[in-house]
Amino acid sequence: MRQSRRQFLATATTGLAGILATKIPPAIGQQREISYLCWANFAPASDKKLGEIGQRFTKDTGIKIRIDHIAAPQQAAKYASEVQTQAGHDLIEMRMHVPWLYEPQLIDLSDIVADLEKKYGKVIGSGYEAAHVKGVWRAVPQYHAVFVSAYREDLFKKAGLKAPQTWEDLYKVGIELKKMGNPIGIPISQNFDSISTGSAIMWCYGAKEVDTDGKTVKINAPQTVEVIEWYKKVYRDCMEAEVLSWSDASNNESLQQGKAGWIHNPVSAYIVARDQKLITADGINHHQSLSGPAGRHDTDAPRSIGIWKFSKNIEPAKEWIRYLLGKREVYDEYIMSGSAFNLPAYTKLQDHPVLKTDPKLAVLKGEGVNYHTYGWPAPASDKVQLITNSFILPNMLAKAVTGTSTKDSIAWAENEMKKIVAAG
Amino acid sequence: MAISDLELAHPVRRTGFRPRLREMLDRESFLGPLFISPALLLIALLVAYPFGMAIYLALSNAFIGRPSTFIGLRNFINLWDNDTFRQTFQNAFVFTGISVAFKLVLGVSLALLLNEALWFKRLIRGAVLLPWVIPTALSTLGWWWMFNSLYSVVNWTGIAMGLLDPPGPNWLGQKYYAMAAVVLVNIWRGLPFFAITILAGLVAIPKDLYEAAETDGAGAGRRFWYVTLPLLKPVLAIVVLFSTIFTFSEFNIVYVLTHGGPINATHLFATLSRQIGLESGRIGEGAAISLYLFPVLMFVVWAQLRFVRRQAN
């Protein structure tokens, strides 16, 4: 049927007015579509796998999914802008305590977590600390990445060095490594790896940022002085000044490119070296995390998936989480693709087949389950996340190793932390 | 007497919509605002609204995603107690002062060179604009590779030529080097703007003034000092004004190269504002940081424009 231009305009205008008035799109435009924002994983194969699973999800459910990846340092600002504008993705992948920071903006996902716990056992401690906010699961634990010691086993053997057991041992080994031109690589800059390593060392020496009450700042203590003195000597005798400018990827690159002899990192540095067939891959291995006077502690970095309250696609978004994490075969497939960088966040899955895929990953068995998230032993809170996002710990360490007195560095950090804890 | 004056003196009453519309369109008092209104609307939407929001947020204790209350100027006052902010304040003046001074001197020199009869004049003039044309984030990423501690081509070249001792300077990890690096990239990026604008000013200077000066026995130096520089003053004032504002509000270069580090040594207002306002969620405080220099810059704009107007008169 031919329509005149006038008839077409009249029909189109009436239809548009109807859609705008009722806010219901026509049936033809009702295909369900969700969007998912995640970081660019340090195990790139798992991002590729996520895309494949997304395509299968669309085929199986008819729900279209758009998966966007951004670099880890940009995540915090991106979440903030989405919350502020109340627009953006439906689902977001969050690291550490971000669910605490955005608690009022995230929907309750306790029903999904309850189903997953029935299948896979309880969520591991760090996942619980990160996403279980004031009695409600504000995000669904997805996986966690544990920090271990990654080192050039070939160089250690050549120089007759033994893998260190304690942070003090590392100092002694580090002196030799630096002489060989393969210094230790611990970042002391504004990035997350600096906080991960700094926190682990603090805990091993019995130091803490905030007390168990979550209110009293405890960084000004003799244990912190010990930590700073350790950092000062390691910076001077075992490292190069480059660590002050490093990003999260720099220590990985330094080990992969054959410079660093030892780094504190998840297994991603090795995985990338192996997958890209770098000449250093054969020489890299891992050993257990280090201990100090107060025992062996290390950092765990759990990640979880949340859904914004402003999302208009809450049910389809929940369906995606159930598809990715609730189907054992899909979850296994996803975990396997990360080559043990992404470890399952549920207790019954800890002895996962991914740990048997490469003998160099065997050290991870049993690691991480009792590790801590940032801010420990203070309970998880938005304040802890703010202290993290303000990079107070690495800046305190950087001040100390570049000439500020230990006392002044600690006093500065104490003041900054007190301001955050005191704020309403 | 103009026709419009005649019409004003003896207005003819028109009836009907079209004649009345035509009559209104003839009136400057109606047509002027009509023409300017789309631009005004755009400014209101894209400039006035965000600016108003920034002021509103800066006067509140706004935290991302939570209700906020009005706290007056407390954010601005509290910022002075913050070490990082005071450091940023100092950084901004050092960064802007050094960058603008270098861009001015080098810009004038480059413009004088480009004004000479060169071979491939157009090609060279086009090439000079490249740093200004390439997206800053992309070009700065190139510089980041050049300064990167592991891959630095600057250090590699210096060491290979025997000019530097291994491992060479830690460009992005030590505060003075890091500031030098961000200043250098800012100069590299901003120089074409100075050079091309000043070149336009140079081209506009009448040749006979130089001929007259030459006849009077003035050498190249005197011709520059007594002819070129005085006639370039209005152009230089405008270029310096714009550059000062752009440089104070620089973001990309610092964000890509140093993220404000090491230990906040290169933070500028924009990068600190992002860190506090978006990454840490204290958006009220972040807005206050970004607006801190607004009164100062307003004064600079007023003073510079006044100077330009005086020169023009």
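Keep in mind it's a predicted model, so treat the numbers as computed, not measured. (Residues numbered from 1 in each chain as written. Chains lettered and ligands numbered in written order. Predicted model: local features only at pLDDT ≥ 70, side-chain atom pairs only at ≥ 80, totals over all residues.)

Assigned secondary structure in chain A consists of 17 helices and 14 strands. Taken over C-alpha atoms, the radius of gyration comes to 24 Å for chain A, in line with the 22 Å a tight globule of 424 residues would show. For chain A, the spread of C-alpha atoms along the three principal axes comes to 85 × 50 × 45 Å. Burial statistics for chain A: of 424 residues in total, 51% are counted as buried. Long-range contacts, defined as pairs at least 24 residues apart, comprise 78% of the intrachain contacts of chain A with a sequence gap of at least 6. (Helix = DSSP H or I, 4+ residues; strand = E, 2+ residues; numbered from the N terminus. Rg over C-alpha atoms; globule rule 2.2 N^0.38 Å. Buried ≥ 20, exposed ≤ 12 C-beta atoms within 10 Å, placed from the backbone. Contact = placed C-beta atoms within 7 Å.)

Broken down by element type, chain B carries 16 helices and 0 strands. Against the compact-globule benchmark of 20 Å for 313 residues, chain B has a radius of gyration of 26 Å, which places it well outside the compact range. Along the longest, intermediate and shortest principal axes, the C-alpha atoms of chain B span 90 × 75 × 30 Å. By the burial criterion, 31% of the 313 residues in chain B qualify as buried. The contacts of chain B with a sequence gap of at least 6 include a subset with a gap of at least 24, amounting to 66%.

Quick look at the pairing of strand β2 (residues 64–70) of chain A now. Residue and element names in this part refer to chain A. Direction of pairing for strand β1 (residues 33–39) relative to β2: parallel, over a ladder of 7 bridges. Bridge pairing in β2 links leucine 37 to aspartate 68. Running through helix α2 (residues 44–61), the crossover from β1 to the neighbouring parallel element β2 is right-handed. (Pairing = 2+ DSSP bridges. Right-handed = clockwise from strand over helix to strand, strands pointing away.)

Let us now look at the sheet that holds strand β10 (residues 284–287) of chain A. All names here are of chain A. Taken together, 4 strands build an open sheet; the order of strands is β8-β9-β7-β10 and the sheet is mixed. On the outer flanks of this sheet lie β8 (184–185) and β10, each paired with one strand and no other. Strand direction decides the pairing type here: strand β7 (residues 148–152) and β10, joined by 4 bridges, are antiparallel. Each bridged residue has a counterpart across the sheet, and for arginine 152 the counterpart in β10 is isoleucine 284.

Our next topic: the sheet that holds β1 of chain A. Strand pairing in a sheet relies on backbone hydrogen bonds. The paired strands run either parallel or antiparallel. The strand order β2-β1-β3-β13-β6-β14 (chain A) describes an open sheet built from 6 strands, whose pairing is mixed. The sheet terminates laterally at β2 and β14 (343–344) of chain A, the two strands that pair on one side only.

The next thing to look at is the domain arrangement of chain A. Residues and elements named next belong to chain A. One can read the domain layout of chain A as domain 1 (33–146 + 300–364) and domain 2 (148–298 + 390–422). A C-alpha centroid distance of 28 Å is found between domain 1 and domain 2. At the junction of the two partners, domain 1 supplies 14 residues and domain 2 supplies 15 residues. Broken down by class, the residue content of the side of domain 1 that touches domain 2 amounts to 12 nonpolar, 1 polar and 1 charged. (Domains from an automatic or database assignment. Nonpolar A, V, L, I, M, F, W, Y, C, P; charged D, E, K, R; others polar.)

Turning to unusual backbone geometry, a few remarks are in order. Negative phi is the rule for most residues except glycine; trans is the rule for most peptide bonds. Note the cis peptide between tryptophan 376 of chain A and proline 377 of chain A, where omega equals 5°. Assignment of secondary structure puts proline 377 of chain A in the loop between β14 and α15 (382–389). Looking along the chain, the bond that leaves glycine 261 of chain B and enters proline 262 of chain B is cis, with omega of -5°. With respect to the helices and strands, the residue proline 262 of chain B is situated in the loop between α13 (252–257) and α14 (269–279). Even without being glycine, methionine 96 of chain A reaches a positive phi, approximately 50°.

In this section: the packing of α2 of chain A against helix α14 (residues 328–337) of chain A. Residue and element names in this part refer to chain A. Where α2 meets α14, the closest approach of the two axes is 8 Å, and the angle between their N-to-C directions is 155°. Classified by the interaxial angle, the pair formed by α2 and α14 is roughly antiparallel. For the pair α2 and α14, contact is made by Ala45, Ser46, Lys49, Leu50 and Ile53 and by Val330, Glu333, Tyr334 and Ser337, respectively. (Axes fitted to C-alpha atoms, helices over the stretch in contact; angles between N-to-C directions. Parallel < 35°, antiparallel > 145°, perpendicular 65-115°, else oblique.)

What follows covers the interface of chain B and chain A. Facing the 22 residues of chain B at the interface are 29 residues of chain A. Tallying contributions element by element places α14 of chain B first for the side of chain B that touches chain A, with 3 residues. When the residues that make up the side of chain B that touches chain A are grouped by side-chain class, the tally is 8 nonpolar, 10 polar and 4 charged.

We now examine the environment of proline 187 of chain A. Residue and element names in this part refer to chain A. With respect to the secondary-structure elements, proline 187 resides in the loop between β8 and α9 (192–204). Sequence separation of proline 187 and leucine 244 is 57 residues, and the distance between their C-alpha atoms is 6.4 Å. The contact partners of proline 187, leaving out residues within four places of it in the chain, are Asp193, Ser194, Val243, Trp246, Ser250 and Asn251.

Any two packed helices are characterised by how steeply their axes cross, that is the angle between the axes, and by the distance between the axes. Residue and element names in this part refer to chain A. Closest axis-to-axis distance for the α15/helix α17 (residues 406–422) pair is 9 Å, and the angle between their directions is 145°. Crossing of α15 against α17: the hand is right-handed. Touching Lys383, Leu386 and Ile387 of α15 are Met417, Ile420 and Val421, all from α17. (Left-handed = near helix turned anticlockwise from the far one by under 90°.)

Next up on the list: the pairing of strand β6 (residues 140–146) of chain A. Residue and element names in this part refer to chain A. Taken across its 7 residues, β6 has 7 buried, putting it largely inside the fold. Bridging between β6 and β14 involves 2 bridges; their strand directions are antiparallel. Across the sheet, tyrosine 143 pairs through a bridge with proline 344, a residue of β14.

This paragraph deals with the confidence of the model for chain A. When the pLDDT values of chain A are averaged, the result is 90; 92% of them are 70 or greater. Mean pLDDT values over the elements of chain A span from 64, in helix α1 (residues 5–22) of chain A, up to 98, in helix α10 (residues 222–238) of chain A. (pLDDT = per-residue confidence, 0-100.)

Residue and element names in this part refer to chain B. Within the fold, glycine 168 resides in the loop between α9 (153–160) and α10 (175–203). Considered as a pair, glycine 168 and arginine 222 are 54 residues apart in the sequence and their alpha carbons are 43 Å apart. If sequence neighbours within four positions are ignored, glycine 168 has contacts with Ser152, Asn155, Gly158 and Ile159.

All names here are of chain A. Counting buried residues along helix α16 (residues 392–401), 10 of its 10 residues qualify, which places the element largely inside the surrounding structure. Within α16 the residues assigned to the buried category are Ile392, Leu393, Pro394, Asn395, Met396, Leu397, Ala398, Lys399, Ala400 and Val401. The secondary structure elements touched by the buried residues of α16 are α9, α10, α15 and α17.

Moving on, we get to the confidence of the model for chain B. Residue and element names in this part refer to chain B. When pLDDT is averaged along chain B, the result is 87; 94% of the residues meet or exceed 70. Here helix α1 (residues 3–9) is the element of chain B with the lowest mean pLDDT, 49, and helix α5 (residues 83–115) is the one with the highest, 94. Both scores are given for the predicted complex: the pTM is 0.82, the ipTM 0.79.

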